[in-house]
Each structure stands twice: as C-alpha cells, then as structure tokens.
Amino acid sequence: MENILLKDNVAEIEAYFAAGGYKPLKKALGLKPAEVIDEVKKSNLRGRGGAGFPCGLKWSFIPRDLEGPRYLVCNADEGEPGTFKDRELMLRNPHALLEGMAIAGYAIGAGHGYIYIRGEFAAETGVLDKAIAAARAKGFIGKNILGSGFNFEIFTHRGAGAYICGEETALLESLEGFTGQPRLKPPFPAIKGLFGSPTVINNVETLAAVPSIIEKGGDWYAAIGSGKSAGTKLFCVSGPVSRPGVYELPLGAPLRDLLEKNCGGMKPGRKLKAVIPGGSSTPVLTAEEAKAVKLDYESLAAAGSMLGSGAVIVIDESQCMVKLLQVLARFYHHESCGQCTPCREGCGWIEKLLNRFEEGRASRGDIDTLYSVADGMLGRTICPLADAMAMPVMSFVKKFRGEFEAHADGKICKGVRS
Amino acid sequence: MPFKFTEEFRARAEKICARYPRRDAALIPLLLEMQKEKGYIAEEGLDALALFLQIPYSRVKGVATFYTMFNHEPVGKYHLQVCRNISCHMAGSESLLGRLRGRLGIAEGETTRDGLFTLSAVECLGACGAAPVMQVNEKYFENLDEAKLDALLEELKHGRLPH
Amino acid sequence: MPTITIDGKSLEVAKGTTLLEAAQQLGVYIPRYCYHPKLSIAGNCRMCLVEVEKAPKLMTACSTEAFEGMVVHTASDRVKAARRDVLEYLLINHPLDCPICDQAGECGLQDYYMDYSLAKSRFSQADKVRRQKRRAVGPQLVLDNERCILCTRCVRFCSEVTKTSELCVVERGDHSFIDLKEGKALDNDYTLNIADICPVGAFTSRDFRFKQRVWFLKKTPTVCLGCATGCLIEAHHNENTIYRLVPRPNAETNTWLCDPGRLTYKAVQAGDRLVKGVIKNGLIDLEPALREAAARIDEARAAVAVLGSPWLSVEDNAALALLAKDALKTGNYCFDFNTEQGIKDGILINKDPAPNTNGVKLVKAAHGGLSLEELSRRITSGQVKVVLAEARAAGFIKDALKAAAPRLIAFASNRGEIPAGSYATLPYASYFEVPGTFLNYQGLRRRTAPSVEAPEGVKPLWAVINKLAAYSGTSLRLDSADEALKGVRS
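Parameters at a glance
- Residue numbers run consecutively from 1 along every chain, following the written order of its sequence.
- Ligands are numbered from 1 and chains lettered from A, in the order in which they are written.
- Residues qualify for local features only when their pLDDT is at least 70, as the model is predicted, and side-chain atom pairs are given and counted only at 80 or more; totals for whole chains, interfaces and linings, by contrast, use all residues.
- The basis for every side-chain value is the complete set of heavy atoms in the structure, and neither hydrogens nor water enter the calculation.
- Between buried and exposed lies partly exposed: a residue is buried under 20% and exposed over 50% of the maximum accessible area for its type, with that area taken using a 1.4 Å probe on protein chains only.
- Only DSSP runs of H or I reaching four residues or more are called helices, and only runs of E reaching two or more are called strands; each is numbered from the N terminus.
- Strand pairing follows a simple DSSP-based rule, namely that at least 2 bridges must link the two strands.
- Nonpolar cores are built from buried Ala, Val, Leu, Ile, Met, Phe, Trp, Tyr and Cys residues. Side-chain atoms within 4.5 Å join them into one set.
- Whether two residues are in contact is decided by their heavy atoms, any of which lying within 4.5 Å being enough.
- What counts as buried area is the accessible surface, traced by a 1.4 Å probe, that two parts surrender upon association, with contributions from both included.
- Here, a salt bridge means any side-chain nitrogen of Lys or Arg that lies within 4 Å of a carboxyl oxygen of Asp or Glu.
- Each polar contact in these results corresponds to two N or O atoms within 3.5 Å; when the atoms are within protein, one needs to be able to donate a hydrogen and the other to accept it, and residues that are neighboring in sequence are counted only if both atoms are side-chain atoms.
- Residues were grouped as follows: Ala, Val, Leu, Ile, Met, Phe, Trp, Tyr, Cys and Pro as nonpolar; Asp, Glu, Lys and Arg as charged; and all remaining residues, including Gly, as polar.
- The rule is short: rings of Phe, Tyr and Trp, with Trp giving its six-membered ring, pair when the centres are within 6.5 Å, and they are stacked under 30 degrees, edge-to-face over 60, tilted in between.
- Placement of a charge over a ring requires the Lys NZ or Arg CZ to be within 6 Å of the ring centre, with the centre-to-atom vector within 35 degrees of the ring normal.
- Domain segmentation is taken from an automatic or database assignment of domains.
- Cysteine sulfur atoms are paired as a disulfide whenever they come within 2.5 Å of each other.

Peer 1: What is the right way to read the pairing of strand S10 (residues 272–276) of chain A from this model?
Peer 2: Residues in a regular strand point their side chains to alternate faces of the sheet. Residue and element names in this part refer to chain A. Burial of S10 is extensive: five of the five residues sit out of reach of the surface. As judged from the two bridges shared by S10 and strand S11 (residues 285–286), these two strands associate in the antiparallel manner. Looking at S11, one finds that Ala274 is bridged to Thr286.

Spelled out as structure tokens, the structure:
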C-alpha cells in the first residue's frame, strides 16, 4: 500500500502543497472542533510514542468550557534507544507534522503549539524552523488561518540531553524551564499541563497521521491495520540486517516480513538470536518468538512484549546478551532523573551488578539478585523509567539465563546461546 | 575569557523569552544560546541568567547540571561524541572509541592539548539505523567505519567540518 | 465527603483528604520520608505506597486523594514488600555510619529498618556511590551528602517556607546531590528547621553535633520567649543541661522555630550566667546583695519607682506591682508597654522582641500605674531616687536614667544584660528553670515548664521580690507565684 507518512519529495512546502497538503487543514477548519475529534476517534489512531493511548480520546479530555489558554505539545524528544523514526519523518515530511498540529490545535482550542525536540537534533530543528516559517508565510499557521478566525502559533523548543523528557510530564517540566522530573498524576496534563493549563501531548508520528485521517476519513484509516491496531506505523530497524532503516507498514504486519522483505534479511554470515521489538525498554523476544509475532499492540502484548515506539533492535548470535544488557543498564542508570528511590538506586545497582558479570566477579546468586532488584522497581515509581529498566533485565534473565550463568561460572560467553 | 551578557545577547534572549507566556520557560534555550558563545557555560553565566530571568540561582544550577548537553568547562574546537548505546555498540562503537583514544591520545572526557578535540562517549543519538554514529559539535556522522573515521579526522585537523 | 475503608476500618473524610491524612485520622501510621504536612507533595521517596483495591499499582498515600468507596490496605504483604524494597534501595548507597551520626536514635532509616527488617545487605561496600562527607553549610548546619536520601524536604523548605531558595538538587540520578552556591552560606533565619525535617543524618545542627545521644534526652514541653510570637517548643535536656530546643508544631502559632529562638536556651547555661548579686561592678553573695538593695529601697521608700517588664512572666510582673503598691506604697510604678506587634518576616519572627507585652497588660488592668512617659518624666525631674527594673525593660527608660542617674536596682539573669550604671543587680531564675505565664501576640496564654534546675541559691523573681520586701521592712508574704496573681484577670 501507499505510504501515509513517509513520502519522498514533500519536504518543501510547494511540493507538499502540490501533493494535496494543507487541504485537510482547510477541511478541518470547516468542521466544528468536536467533529474533528470524532473523526480522529473513529480512526482508532493510537499514540505512536510508545504508550498507544487512543489519540481522539486524549483530545476529548480537554475541558471545552474552561476559560484560559490550552496548549498542544508535540513530543519530538526521540530518545528511546533503537528509535529514529521521528527524526526521519521530520526531515522528510515536516509539513505533515505542522499540518497535523494545526488541526489538533484547532480541535482542542489551543492557540500555541510547541515542538519539544531533543537537543541533539540541531539540524532537524533547523528543518522544522524553516518549515514553520514557510507555513506561516502561506498563512497555514499564525493569525486567522485561511480566514477561519483560528489563530495558532508553533515554536520549536530544543531539549538539552535528557531521555526522561520523553515522558510527557517531564517534558512539560523541561518546557517550562525546570529539570525534567516527571510530575505526580493526577492532575493529568489534559486538566493541568503546560503552564498549568489544559494540554495535549502527542508524538510526532501521531500528529503527522492526522491530516490523512481528516482528508480521507476516520473509517478509511481504521480499516488499515488489524483490529484495534489501526493504521500504519513506522518501524525503525537497527542491528545486523542488510537494510536497516525506517519502514512504514500497516499494523499487524508480521515481524518476519519486516526483517526479511523490507530489511533484506540478516547480513551475510549473521544468524538471528533475539529481537527487542519496540525500543530498548520493551521485553526481548527470542528468535523463535520474533519469527512468529505480528507487529501490532495486541499481538506483541500477547507475546509478552510491547509495540512501544516501533524500534526493532535485531540481535545476532555473535552478541553477548549480558554485555548488551550492561549497555542498556548503563543507559538507564545515566538517564534516571533521580527522583524516585527505586529507580534512582535500582538502575545504578543493576548496572553495577552487570559490571560484575562482565568483569568475572559475579556469582550465580547475583543472577537472582539482579532479577529481584528489577522486580522491586516495577510499578513503584512516578514514571515508567524504572519499568523501562526492569523489563529488559527480567526478560534477558528469563530468556537467556544460561549466558548469565556462564559469566558467573567464570566463562565469558561470547554469544553462546543458552 | 568568561561569558559576557552583552546587549546583543540580551536582545536575542528577549526574543526567545517572547515565545512563552512565562519568560523563565526560556531557561534551557538560553543556556543553549549561552553555550554557543564559548562552547561551555561559565559560573557567571548562570548568575547572569538567574538575574535576567528573575529566578533563583539554585534553579539555574539544577537545570544546567541535570541536562547532559551543557558543558561546564571549555571543550575543544571539535567535540567528538560517539554513541555507545545498543545499536551502535553492536555496530562497533567501542572499537571506534578505542581508535579515537589512540589517534588523539586522550580518554573520554578529555581535550587534546592543542584544544582541537574533546572526546565523549554519549548515549543514544537517535540515528540507530545508521550505526555507528558520532556527533561532531552539532553535526551527525553516520555509518562510520575506521576508514571513514580516519578521513573525517584528517578533515577536522585541517579545520574543515565536512557537510 | 467520601467514605473510605482503611485496614478494615471505615471513615468519612473531607474532600481532598489524602490517604495518608485519612490513615492518620484513624491512628494508622504510614511510613514516609519526603512527605511533610507543611511542604508541597513530592511523592519521590515511595515509602508510603499502599494498596488500593482495584488499582493495578500500589499508590503513594501522600499524594492520592480519598475517593468514595476506596478500600485501602496499609499493611498487606504487597505493601510490606514494597517498603522493604524501598528501604533496601535507600540503604545500598548509605554510608551506615550510625555510630558517628547524630541522627541515630531519631533516624527514619533506622526506625523503619527495625519495622520492616531486612536481611544482610546485598550490596557490597566497594560498589557504593561516594559523595561528599560533612561540610559546614552555614552558621548552624553541617551537610553530609553521603547520608542524604534526596527526599528534597530541605529544598522545598527553602523555596516554599523561607522563599530564599538556597538549595537545589544538582546533577541527576544516583549521582545527584543537594548543593548550594559555592561561597554562599545557608544563613536564613530558619535553617535549623532543616536539621529537624531531614529524615536522616544529612543535615545536622552544628550546635547539637556530638553533644548528646538523642536517646538520653528528656523532653519538656515549654514556650519560646525569643519574641512576642511565643512559639510552642520542646526543650531537650539531660542531667540538668539543655541541649536543644525544637518546635512543638501546633495549629495556632508555629510549625517551625527560628534559629535565634532555638538558641535562646544558651543564656541559661552561659558563662556569664549570674549566680551572685552585683553591687556596682563587684560580685557579692546573694544575701548581702539583697540586703544592700533592700537598704537602698528602704531609704528611699516613696521615692522608689518600679518598672514592669514584657520579658517577665505575668506572675513576676504582678509581684512587682504588689511590691510597689502594697509594700512600698509608692505611686511610681509603670506597666505600660505598647510595642507594635505582628509577624515581621511573614514566617514567625515578631516585630516585638519581648515575649509578654500582652501579659503585662493584665497586670496593668489590675493595678493601674503610670504611663512610660510619666514615669520617665518623674525620674528625669529627680523626684525618684531608686528605680527597680528588669534589665532589658530598663531600656524603655534609658534616657531618663541617664539624665537623672537614680540608683538602678536591676534584675538580670546574665551579666551581659546588666544596664550600664546599675547600682545593684539581682539574679533570678530563668523560665527554663521555673514556670511562668506569658501571653503571646495573639493573646494566647502559654506557660513555661521547668526543664532544668536553677543554679544553687538563684530564686524565681517573685521570691526575690518577696525577700526584697521583707528585708526593706515590709512584707508581701508570697509563698508562690500564683499568690502574686491576686486581682489579676486570669
């Protein structure tokens, strides 16, 4: 099928417009905001940042009759290891994002939209700023958009190096000029978000899907994909496959097809060992599990993992799972904001335990300690970063215990499969 | 030469503040702007920003040390930031780092004597499909291997940051 | 008004009540580190997790509001396991230096460790995160970052209560720590509260450090006399020595206590504490000093003036009034103090530095007397030969004293208080040693309670006055402080 999000030669506004761009915005402005929300609800579009929350429902939480400003925030703090889809989308199709934001802004009654983009994405920020200027010049954003009376400004806002700011309330804190520490919920952002006002936070990919939904209808979008997992999704594949990269597929496509058809299979001489299907924090799948699973919210949940951000990390037999987990633990230890006790202390503890395995100082008992330290973090913190550390630990230990035992027994496993 | 809160900077800062209903929301963008001037953020810069935004110094300090992109001491002309997260790790980032250490004679976190290079190992840069990846200042270099890395270093030594 | 069930007991609570507060109403204690009733909710320590039926995850009792029909378990196996885990996480990087830690005995880590007991540490010594050990961070506090559990009570206190925002968390994750600007001192007027609210031994009081193990301390509820606010406090003492004052939080007046107030106990055991009388500049025993003063009073009689004091209790002021009216039968007495009152810093410190301006008004109502201006005028005119006054109150008439130079017989506890040019000074017991009634700026009646004994021979002021009366040839026959209160509205 034709791509909805990833398109070629639409980065410039003229080309985007020539391909039908910004017509959906015009259409949306002719509808009532509630009708726009209904259309998005009908589409079954779900959040593409990782949590998969229904997008239309999220928009409908914004109180309609409340005085004062509302905000739309685009989460472009792409940082989950393995994930690089939003970057590609922003570079190749920035106007789909801006148009989606303008439509979302209209639907929820926001006057301002902020794109919170990770600080490292300097070039991407430049592309967006240029696109915003172009859209403003054409009257697609700014005052009285297309004569509708709707005013909507968009600003980019760069982060400065903190994975945690991908969590929506940490992002709001950061956007307000504070350290990125997640907020206690309730209140939820829809009631008390940015600057204390009702706020919707959507991922880049979610917002970029909105113009097509408005143009072709929610029913059209809902018919793509499988069941409750509607529409297309960007999958970013990294690791030793022949053609790593970002691919747009209908939800429900077999993981096997993504790896073999789109990515051209494993690199010569490499054999599939495991797949982390949805970004580094989702539980790992063995090769057998990976070969059987479909890429949608429900199928991956049934397989004991998650669709997450759609970041498919392919691991081959040459890799040591203990080493890879150490790499991930170092990351979460580095990124824990330090607010909640279990995460702040647990992430560091886990990394140090894994260092012992890697340095040949671990005992078999440390395997159980590792598992129980992770288990103790699960579900006990303000935000899911602790879970994001715990889930890979628990799944790696469960599924590749033999490699941990080999380390504890003094052998360096070098990719020996348990 | 420490940071100076010039009139030119003040004008730029005011423009950034105007994007937000509360001017203190501009703290992080202003710290980034400040870092552009000298490559790092000096202590007096924190004081100046606190005063400019009318917020406590403690908040500025907390923010400036929470986010990892802020440097608190001078860095080299080229800040080499090698990603070492999972996809880059599998693609050989450790050996790239090792090669850089050898070629430059410095460890991570250090700057060459000529002030040309600072070497850092960083976490996921969000370009995993093109692993291994290195960021030089604000520019990404992707799908690196030893030959490409050597060629890049040569360019940088001659003061040329390739496009 | 939602009705909820906690550990099988039902109760109705006001809307907006948190589970922690509701449990408290039932007498169910939920362990906590970051929660403090007077600070914003942080929810970071995760110690107060409780089980709410139908909720998939444990919830923080400090931040979760009670809703109709909630069924809460605060001691289920799941809850206990969570608390045990949180404690273990907190302890892995803790230095475990309890033997040299002042917090020992009142430490949240020690207490809960006993409650949710753990097995041996699973974290080897070598792998601990090291942080900066003790350093002075202001006139009153020492900070030990290694003991800190990052509950941020101190940070919130400085931003929300004193609004001075000296403290922040710098860096992040398990390398983050509490810090303040290099070269700057943590020197607002309330810093010792930080040592109180720090649930571990990270912030300790420089004054109290290494002085006494807390389990030896006896606690006496009393009142701070540092100003007219009249905060309720507890004096902590052992073997007749006071070691520290801490606030006794109450809804009327104070949650906190200011640093100057905290240090008021120091005068009681200071080197310049008066245990003898002073005649001119020479120390003499109490009895001869009393007799000398009485002789001067007897000589002057109707030319004696008596000044009350807002630093003295209602009882001692009343005794002074009786001395003037009944014993000396002089009209030269004054209980007229009208210092402006009110909180001057928005927190606790009062514009009126004296603790009993309102209490003296009761004595004035019962016994009348001159205005301060009239008393000053009479002194200045030379008709007053001897003035009896509490040392600090003498400041109210200092111009008159200077102009006419009558013989000043002062009552003082410490040598440093003695007004220049005093003829005689008589010591009296501090209100840390004897009870006294005070009316704070809100008009609330508060009584001090003795924590320690007065130095040998040093008597309560009413008893000193009683003796002065007897030695000068009349008699008040006061056997107790209360007897002085005749006619004073209680």
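Peer 1: Sorry, what's going on with the nonpolar core here?
Peer 2: For soluble globular proteins, nonpolar side chains are generally found buried alongside one another. Ile350(A), Phe404(A) and Tyr67(B) are the most contacted members of the largest nonpolar core, which has 93 residues in total. Setting aside residues up to four positions removed in sequence, Tyr67(B) forms contacts with Tyr116(A), Ala160(A), Gly161(A), Ala162(A), Cys165(A), Ser174(A), Phe178(A), Thr179(A), Gly180(A), Ile28(B) and Arg172(C). The next biggest cluster of nonpolar side chains, apart from the first, holds 73 residues, and it includes Ile4(A), Ile13(A), Leu98(A) and Val200(A).

Peer 1: Would you mind showing me how to read the interface of chain B and chain A here?
Peer 2: Listed as interface residues are 36 residues of chain B and, on the opposing side, 52 residues of chain A. Between chain B and chain A lies a buried interface of about 3700 Å² when both sides are counted; carbon and sulfur atoms form 60% of it. Its largest share of buried area at the contact with chain A, chain B owes to Phe66(B), Ile86(B) and Met90(B), together 18% of the area lost on that side. Of the charged contacts in the structure, one is a salt bridge between Arg330(A) and Glu123(B), with a shortest N-O distance of 3.5 Å. The tally of links from chain B across to chain A stands at 18 residue pairs in polar contact (both at pLDDT 80 or more). Broken down by secondary-structure element, the contributors of at least two residues to the side of chain B that touches chain A are helix H2 (27–38), helix H4 (57–66) and helix H5 (86–90) of chain B. For the side of chain B that touches chain A, a count of residues per class yields 19 nonpolar, eight polar and nine charged.

Peer 1: Sorry, what's going on with the packing of aromatic side chains here?
Peer 2: Two aromatic rings are characterised by how far apart their centres lie and by the angle between their planes. In the structure shown here, the tally under the stated rule is 30 aromatic pairs over all chains. Both rings, one in Tyr163(A) and one in Tyr332(A), keep their centres 5.9 Å apart while their planes meet at 75°; by these two values the pair is edge-to-face. With Tyr163(A) in the loop between strand S3 (153–158) and helix H8 (168–175) and Tyr332(A) in helix H14 (residues 321–335), this residue pair connects regions lying 169 residues apart in the sequence. A single burial state applies to Tyr163(A) and to Tyr332(A), both of which are buried. Seen from their ring centres, Phe331(A) and Tyr332(A) are 4.9 Å apart, and the 70° between their planes marks the pair as edge-to-face. Classification of Phe331(A) by relative accessible area gives buried; the value is 2%. Here a set of aromatic residues connected by ring pairs shows up, and it is made of Tyr71(A), Tyr114(A), Phe155(A), Phe195(A) and Tyr20(B). Directly above the ring of Tyr57(B) sits Lys181(C), whose terminal nitrogen or CZ lies 4.1 Å from the centroid. Here the basic side chain of Arg291(C) rests over the ring of Tyr471(C), its NZ or CZ set 4.0 Å away from the ring centre.

Peer 1: Just checking my understanding: could you explain the interface of chain C and chain B for this structure?
Peer 2: Interface size is often expressed as the accessible area that is lost when the parts come together. Contacts between the two partners involve nine residues from chain C, matched on the other side by 11 residues from chain B. Looking only at chain C, the three residues that lose the most surface to chain B are Glu171(C), Arg172(C) and Lys181(C), adding up to 60% of its buried area. The interface formed by chain C and chain B holds two salt bridges in total. Asp47(B) is the partner of Lys181(C) in a salt bridge, and the nearest nitrogen-oxygen pair spans 3.0 Å. At the junction of chain C and chain B, the tally comes to five residue pairs in polar contact (both at pLDDT 80 or more). Considered class by class, the residues forming the side of chain C that touches chain B number four nonpolar, one polar and four charged.

Peer 1: What is the right way to look at unusual backbone geometry in this model?
Peer 2: Most peptide bonds are trans, and most residues other than glycine sit at a negative phi. Residue Pro186(A) is reached from Lys185(A) by a cis peptide bond, and omega for that bond is -5°. With respect to the helices and strands, the residue Pro186(A) is situated in the loop between H8 and strand S4 (199–203). Between Ala131(B) and the following residue, Pro132(B), the backbone shows a cis peptide bond with an omega angle of -5°. Residue position: Pro132(B) is located in the loop between strand S2 (117–122) and strand S3 (134–136). The phi torsion at Lys280(C) lies on the positive side, around 50°, for a residue other than glycine. Turning to its location among the elements, Lys280(C) is positioned in the loop between strand S14 (277–279) and strand S15 (282–284). The exposure class of Lys280(C) is exposed, given its relative accessible area of 55%. Located in the positive-phi region is Arg301(C), a residue other than glycine, with phi close to 45°. Checked against the element boundaries, Arg301(C) lands in the loop between helix H7 (286–300) and strand S16 (304–307). Its relative accessible area of 22% is what places Arg301(C) among the partly exposed residues.

Peer 1: Could you clarify how one ought to interpret helix H12 (residues 461–471) of chain C in this entry?
Peer 2: Three or four residues apart is the spacing at which side chains of an α-helix point the same way, because the helix has 3.6 residues per turn. All names here are of chain C. Buried residues dominate H12, accounting for eight of its 11 residues. Taken as a whole, H12 has its buried residues at Leu461, Trp462, Ala463, Val464, Ile465, Asn466, Leu468 and Ala469. Considering only its buried residues, H12 is in contact with H7, helix H8 (314–328), strand S18 (386–390), strand S19 (407–412) and strand S20 (424–427). Two residues or fewer past H12, Gly473 is found with a positive phi of approximately 95°.

Peer 1: Help me understand the environment of Ala122(A), please; the structure alone is not making it clear to me.
Peer 2: Residue and element names in this part refer to chain A. Tracing the backbone shows Ala122 in helix H7 (residues 122–137). Ala122 sits in the buried class, given a relative accessible area of 15%. Sequence separation of Ala122 and Ala223 is 101 residues, and the distance between their C-alpha atoms is 37 Å.

Peer 1: Quick question: what am I supposed to make of the domain arrangement of chain C here?
Peer 2: Each assigned domain of chain C is listed with its residue range as follows: domain 1 (3–89) and domain 2 (277–485). Distance from the C-alpha centre of domain 1 of chain C to the C-alpha centre of domain 2 of chain C: 54 Å.

Peer 1: How should the state of the cysteines be read in this particular structure?
Peer 2: Going through the model one piece at a time under the given rule, you end up with zero disulfides over all chains. Cysteine Cys337(A) remains unbridged, with the sulfur of Cys383(A) as its closest cysteine sulfur at 6.3 Å. The closest cysteine sulfur to the non-disulfide-bonded Cys154(C) is located on Cys148(C), 6.3 Å from its own sulfur.

Peer 1: What's the story with the pattern of salt bridges in this structure? I'm lost.
Peer 2: Between side chains of opposite charge, a pair can form when the charged atoms approach closely. With the rule as written, the count across this model stands at 78 salt bridges over all chains. A salt bridge links Glu155(B) to Arg160(B); the nearest nitrogen and oxygen atoms lie 3.0 Å apart. Residue Glu155(B) is classed as partly exposed on the basis of its relative accessible area, which comes to 29%. The class of Arg160(B) is partly exposed, set by a relative accessible area of 44%. Across the pair Asp144(C) and Arg147(C) runs a salt bridge whose closest N-O atoms are separated by 3.4 Å. With respect to burial, Asp144(C) and Arg147(C) carry one shared label: buried.

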